Amino acid sequence: MELQLDSITKSFGEKKVLEGISFTAAGGAALGLLGRNGAGKTTTIRIIMGVFPPDSGQVLLDGRPIQQGQVSFGYLPEERGLYPKQKIIDQMVYIGCLRGMTRQAAKKSADYWLERLDMTACRNDLLRTLSKGNQQKIQLGVCLIHDPDVVILDEPFSGLDPVNAQLLKDVVAELAAAGKTVIFSSHQMSYVEEFCDSIAMLDKGRIVLQGNLRTIKRSYDRTHILVSLDGGGSLERLEALRAAGKLDGFVTGLEPAADADTGAVVHIAAPADKDRLLAAILASDASLETFQVIEPTLEQIFVERVGESL
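The notes below deal with the structure included here. The written sequence of each chain sets the order in which its residues are numbered from 1. pLDDT decides what is reported in this predicted model: residues at 70 or higher carry local features, side-chain atom pairs at 80 or more are listed and counted, and totals for whole chains, interfaces and linings draw on all residues regardless. With hydrogens and water set aside, each side-chain value is computed from the structure's full complement of heavy atoms.

**Brief notes about the sheet that holds strand 10 (residues 206–212)**
Inference 1: Strand pairing follows a simple DSSP-based rule, namely that at least 2 bridges must link the two strands. Numbering of helices and strands starts at the N terminus; helices are DSSP runs of H or I of at least 4 residues and strands are runs of E of at least 2. Here six strands make up an open sheet; going across it, the order is 6-7-8-3-9-10 and the pairing mixed. This sheet does not close on itself; its edge strands, each paired only once, are strand 6 (73–76) and strand 10. Sheet twist, expressed as the average angle between the axes of neighbouring strands with direction ignored, equals 15°.
Inference 2: The pairing of strand 3 (residues 29–35) with strand 8 (residues 181–185) spans five bridges and is parallel. Note that in strand 8 the partner of L31 across the bridge is I183.
Inference 3: Whether two residues are in contact is decided by their heavy atoms: any pair within 4.5 Å suffices. Only the contacting stretch of a helix is used when fitting its axis, a line to C-alpha atoms as for every element, and angles between N-to-C directions run 0 to 180 degrees. Across the sheet, helix 4 (residues 132–144) is in contact with strand 6 and strand 7 (150–154); its angle to strand 6 comes to roughly 165°.

If you want it as structure tokens, here you go:
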């Protein structure tokens, strides 16, 4: 299943919120929808789900205009949207029924997700008695209770400790493996970078960058190499090689790595020179621990494109 936005525009009064945005979210993979506050992410999500229509353009599913009654959405909002004074199982079953499930099917699915999210012991608790992170897990279970075709997760890691964050990552991987279309909106770039295959980056209602994340990162300058030598003192030993003329013609600079005790960053003249650098290091009888092209982080790319640090 492939979800496609084609030239979507949207205005509220005289304010243009979206200006001709287009991107594709493929089934079986996660797409990161990125942008600073006010960039148009929430409006995009609401148009996808049919909360309101675009002014122009269309949302396509497998190349055809989407029929809201023929595709199911699971939405995890950034804000809490459940009932704090109600039992967890009661409201999960209630919401499952609102989404077209029979009570029996909703109860069975609720129990499955409570177990999958390690929340069975809280089945009959009031939502307000749970921690913020556990409330987030219940909200995720509600998002998925009806086995949606398209899953939209808005800041899903909010309030989760590392263990529960890993649990959520496992669930997202399972959704992708099952062929679901997953759209993931977050300011936590490390999570997006970890398991999103592609991104669509919004700024002021326009797409400023989109595509396969790995391809995007490989398009950036690849002339910085992280080198770590066995035994430490990497920078000093590389400087000695340079002083001996072993790095002439292709190394343009040396500097300490973030872990200066063990690593160094070598600047080479061209990407192809990494092979010459590797050969020179090995010829010196040094034992390599790390030899890696340094790629920009997604946060660095984000700051470059939209000018905001997170």
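**A closer look at the nonpolar core**
Inference 1: Ranked by size, the top nonpolar core spans 52 residues in total, and within it L153, I199 and M201 carry the most contacts.
Inference 2: Broken down by element, the residue count for this core peaks at six residues, all from helix 5 (residues 162–177).
Inference 3: Setting aside residues no more than four positions away along its own chain, M201 makes contact with L34, R206, I207, V208, L209, L298, I301, F302, R305 and V306.
Inference 4: Take the buried residues of types Ala, Val, Leu, Ile, Met, Phe, Trp, Tyr and Cys, join any two whose side-chain atoms come within 4.5 Å, and each joined set is a nonpolar core. For the exposure calls, accessible area comes from a 1.4 Å probe over protein chains only, and a residue counts as buried if that area is under 20% of its type's maximum, exposed if over 50%, partly exposed in between. Grouped together as the second largest cluster of nonpolar side chains are 26 residues, I8, F23, I45 and F52 included.

**Some remarks on helix 5**
Inference 1: The span you would expect from a helix comes to 1.5 Å times its residue count less one. Here helix 5 spans 22 Å end to end across 16 residues, near enough to the 22 Å set by a 1.5 Å rise per residue.
Inference 2: For helix 5, the elements touching its buried residues are strand 3, helix 3 (103–116), helix 4, strand 7, strand 8 and helix 6 (189–195).
Inference 3: N or O atoms closer than or at 3.5 Å make up a polar contact, with two conditions inside protein: a donor-capable atom paired with an acceptor-capable one, and, for residues adjacent in sequence, both atoms drawn from side chains. With a side-chain oxygen lying 3.1 Å from the backbone nitrogen of V163, the N-terminal cap of helix 5 falls on D161.
Inference 4: Backbone geometry just after helix 5 places G179 at a positive phi near 90°.

**Things to note about the packing of helix 2 (residues 88–98) against helix 3**
Inference 1: Running from amino to carboxyl end, helix 2 crosses helix 3 at an angle of 125°, the nearest separation of the two axes being 8 Å. With respect to their mutual orientation, helix 2 and helix 3 come out oblique. Remark: the crossing between helix 2 and helix 3 carries right-handed chirality. Here helix 2 contributes I88, I89, M92, V93, G96 and C97 to the contact with helix 3, which in turn contributes R103, A106, K107, A110, D111 and L114.
Inference 2: The residue inventory of the contact of helix 2 with helix 3, partitioned by class, reads eight nonpolar, one polar and three charged. An angle below 35 degrees is treated as roughly parallel, one above 145 as roughly antiparallel, one from 65 to 115 as roughly perpendicular, and anything else as oblique. Working rule for handedness: look at the near helix, and if it is turned counterclockwise from the far one by less than a right angle, call the crossing left-handed; if clockwise, right-handed. By the convention adopted, Pro, Cys, Tyr, Trp, Phe, Met, Ile, Leu, Val and Ala count as nonpolar, Lys, Arg, Asp and Glu as charged, and the other residues, Gly among them, as polar.

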